[in-house]
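Structure assessment
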Amino acid sequence: LTLWVMAQVIRWGAARLARSALPRGRPALRLALAAIGGPGGETTSAALSLGLGLTVLAAVGQVDVNMRSVITEQLPQDSPAFFFIDIQNDQLAGFNADAADVTGVGEIASAPMLRGIITELNGVSSAEARKTIDPGAHWVLDGDRGVSYSATPPDGAEITEGEWWPADYQGPPLVSFSAEEGAEMGLNIGDTITVNVLGRDLTLTIANFRRINWRGLGINFLMILDPSTMAGAPHTHIATVHAEPNAEAPLLRRIGGAYPNVTAVAVRDAVARISDGLGELAAATRWGAAAVLITGLVVLIGAAAAGERRRSYEAAILKTLGASRGRILVSFALRAGLVGAAAGVVAVAFGAAASWGVITYVMQSDFAFDPVSAIGVVLGGAAASLIAGLIFAWRPLSQRPATVLRGRE
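A few points on the structure. (Residues numbered from 1 in each chain as written. Predicted model: local features only at pLDDT ≥ 70, side-chain atom pairs only at ≥ 80, totals over all residues. Heavy atoms only, no water.)

A word on a nonpolar patch on the surface. On the surface, L1, W4, V5, V9 and L48 cluster together into a nonpolar patch covering about 510 Å² of accessible area. Counting residues per element, the nonpolar patch draws most heavily on helix α1 (residues 2-18), at three residues. Within the fold, V5 resides in helix α1. V5 sits in the partly exposed class, given a relative accessible area of 37%. (Patch = residues over 30% accessible without salt bridge, like charges linked within 9 Å, V, L, I, M, F, W, Y side chains within 5 Å. Areas by Shrake-Rupley, 256 points an atom, 1.4 Å probe, with all protein chains shown as cover. Salt bridge = Lys/Arg side-chain N within 4 Å of Asp/Glu carboxyl O. Helix = DSSP H or I, 4+ residues; strand = E, 2+ residues; numbered from the N terminus. Buried < 20%, exposed > 50% of the residue type's maximum accessible area, 1.4 Å probe, protein only.)

Dropping the structure here:
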């Protein structure tokens, strides 16, 4: 329905332009605009047949560009080379020393890590709480989450509400929670969260909220507890290591040989696999959009074939009035190209709106309009319409005016 309405807007605009001073001295352009805006033309069918496929292509192109921007530009350039997990308590000091001894290794950071499942929010079971919290925070209650403890705020931590506990705190269990997820779950300072850690339920009081940049690719935890709560609990450590590319292989050999239980996760490989996966997904979606576009092109060709008789009559009239075959052909080409380009512009507008919604609300990232893919969609629409129109333009031009006009009597 929207594409149909836009087709009527295009017709109205073309009719107004045909009567304006813009095409003065350009009879081919005036004829094309008058044909687009006149009754019985192919504007509506072209907008409908091309519009859907071009809209899908425009949306896919904008989403693809923005997602690749997230991967290649918004992720930090100084991200760690590796995450190392399952480091035992008695291995941590040796791990740090061995990793630092490798040439090309930079910053090393580590934190204690356990796994816990949130079972209750303010005394309400997580199953019931899911019904009232923002769906965007449901992942917090799905499965186990990483849990850590610290006497002091992590480096670079931004406390948005509340205060951190004293370094020597001894008292009821406290927790520092992610500000964004806490807001989505409707939590406030002083609320309680029950977390099952190693089979033991811990009821934690929220002491503060922290703003977490998950894209920083550093060590981040949804929940950080006070140290006294976790005193004596068996746990391992997680570490991040920054290293130059030529130091990655020696680092893996050193750590793998000395600590076979420690698992390494290569950040660059993970980012590359994500980027490749997005490329494959975008390619598959483009093939689907191409199928829709081809179907629309077939419909467009059918509409052009159905209008061949009308164009033959139009060409005969124009020839009788003294128009050359070249001018008539240019008029037909302009008509088809302008209609296709207009459909492309409409498709870019709707495709950009759709991709803005996906990037902003689904991916929770900043949307940036990509003019290159948009221009490609507009030119593609113009080319498709032009080809369909010219295929059935030669025959009307080759017919004698007298034969066509007598046949209309």
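Back to the text.
It is the contact of helix α11 (residues 325-362) with helix α12 (residues 371-391), at a shortest axis distance of 7 Å, that shows an interaxial angle of 145°. Remark: the crossing between α11 and α12 carries right-handed chirality. On α12, the residues touching L329, A333, A336, G337, V339, G340, A341, G344, V345, A347 and V348 of α11 are A374, V377, V378, G381, A382, S385, L386, G389 and L390. (Axes fitted to C-alpha atoms, helices over the stretch in contact; angles between N-to-C directions. Left-handed = near helix turned anticlockwise from the far one by under 90°. Contact = heavy atoms within 4.5 Å.)

Right, let's talk about the side chain of N208 for a bit. Turning to its location among the elements, N208 is positioned in strand β8 (residues 200-211). A polar side-chain atom of N208 sits 2.5 Å from a polar atom in the side chain of S176. Beyond its immediate sequence surroundings of up to four residues, N208 is in contact with I159, E161, G162, E163, W164, W165, V175, S176, F177 and I189. (Polar contact = N/O pair within 3.5 Å; in protein donor to acceptor, adjacent residues only side chain to side chain.)

Counted at 1.5 Å a residue, the expected span for α11 with its 38 residues is 56 Å, and the 54 Å between its end C-alpha atoms agrees. Note on α11: the residue one or two positions beyond its end, Q364, has a positive phi of about 50°. (Expected span 1.5 Å × (residues − 1).)

Here the structure, examined in full by the defined rule, presents five aromatic pairs. A ring pair is formed by F82 and F84, whose centres lie 5.7 Å apart and whose planes are at 40°; its orientation type is tilted. Through a chain of ring-to-ring contacts, the aromatic side chains of F82, F84, F95 and Y259 assemble into a single cluster. (Phe/Tyr/Trp six-rings, centres within 6.5 Å; stacked < 30°, edge-to-face > 60°.)

What follows deals with the pattern of salt bridges. If you walk through the whole model with that rule in mind, you get six salt bridges. Here R254 ties to D98 by a salt bridge, and the two come within 3.8 Å at their closest N and O atoms. With R254 in helix α8 (residues 245-258) and D98 in helix α4 (residues 92-100), the pair connects residues that are 156 residues apart, well separated along the chain. By relative accessible area, R254 is classed as partly exposed at 33%.

For N122, which is not glycine, the phi torsion reads 50° and is therefore positive. Of note, the phi angle at L198 is positive, near 55°, even though the residue is not glycine. Tracing the backbone through its elements, the reader meets L198 in the loop between β7 (192-197) and β8. In this structure L198 comes out as exposed when scored by relative accessible area, which is 56%.

These values are about where atoms sit, not about what they do.
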